[in-house]
Structures are given as C-alpha cells and as structure tokens.
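# Secondary and tertiary structure notes
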Amino acid sequence: MMLLRALVIWTVQVLLFCIGIGVAGLTAHLTGPLVAATFDIDELIPTALVFFVVAAMLGWIGDRFWPQDWIYNPLV
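Definitions and limits used
Residues numbered from 1 in each chain as written. Predicted model: local features only at pLDDT ≥ 70, side-chain atom pairs only at ≥ 80, totals over all residues. Heavy atoms only, no water. Helix = DSSP H or I, 4+ residues; strand = E, 2+ residues; numbered from the N terminus. Areas by Shrake-Rupley, 256 points an atom, 1.4 Å probe, with all protein chains shown as cover. Core = buried A, V, L, I, M, F, W, Y, C linked by side-chain atoms within 4.5 Å. Buried < 20%, exposed > 50% of the residue type's maximum accessible area, 1.4 Å probe, protein only. Contact = heavy atoms within 4.5 Å.

### Some points on the overall build of the protein chain
Helices and strands together make up the secondary structure of the protein chain, namely 3 helices and 0 strands. Tracing the protein chain from N to C terminus, the helices and strands come up as α-α-α. For the protein chain, the accessible surface area stands at approximately 6,700 Å², while carbon and sulfur atoms represent 76% of it.

### With respect to the nonpolar core
Nonpolar side chains tend toward joint burial in soluble globular proteins. Counting residues in each nonpolar core, the largest one holds 5 residues, listed as Ala24, Ala28, Ala36, Ile41 and Ile45. Those elements giving two or more residues to this core turn out to be helix 1 (2-31) and helix 3 (41-65). Ignoring anything within four residues of it in the chain, the contact list for Ile41 reads Ala24, Ala28 and Ala36.

Encoded structure:
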C-alpha cells in the first residue's frame, strides 16, 4: 500500500510540474520575446528541470539510506 501511495504522489507531482513548465513555455511563446526576456523564461525552464531532478534524487537517496520509520507509525 505504501508503494501505491508513493507512486500516486510522484505521479501527481510530475503532472503538476509538467503543467507548470507548459504554462511557462506557452506564456513565453504567446506574450513574445519582451516578457520572456523580462522573466528569463528561456533560462528558467532548464534551471527548474535540473533543480527538481536533483531535489528528487536527493530525496530518494535520503529516504533509501536514512529511512525514518517513525513516520509510518500509526500511533504517532
């Protein structure tokens, strides 16, 4: 059951992240180069991808090697 919960959480996070990246790219495309350059959307998308991939990897490694069993304790 914990595996199913983890898969659902990861799926929802990936879906929301893709929606956010899509909205940023669509905004940059539709509003033109002035707004895209103002918010640096062209540089923001790869930076956000790298940041979230590294954060996810660190979270996975931390959970894998330093599990916190007390989180899953229903009595806490």
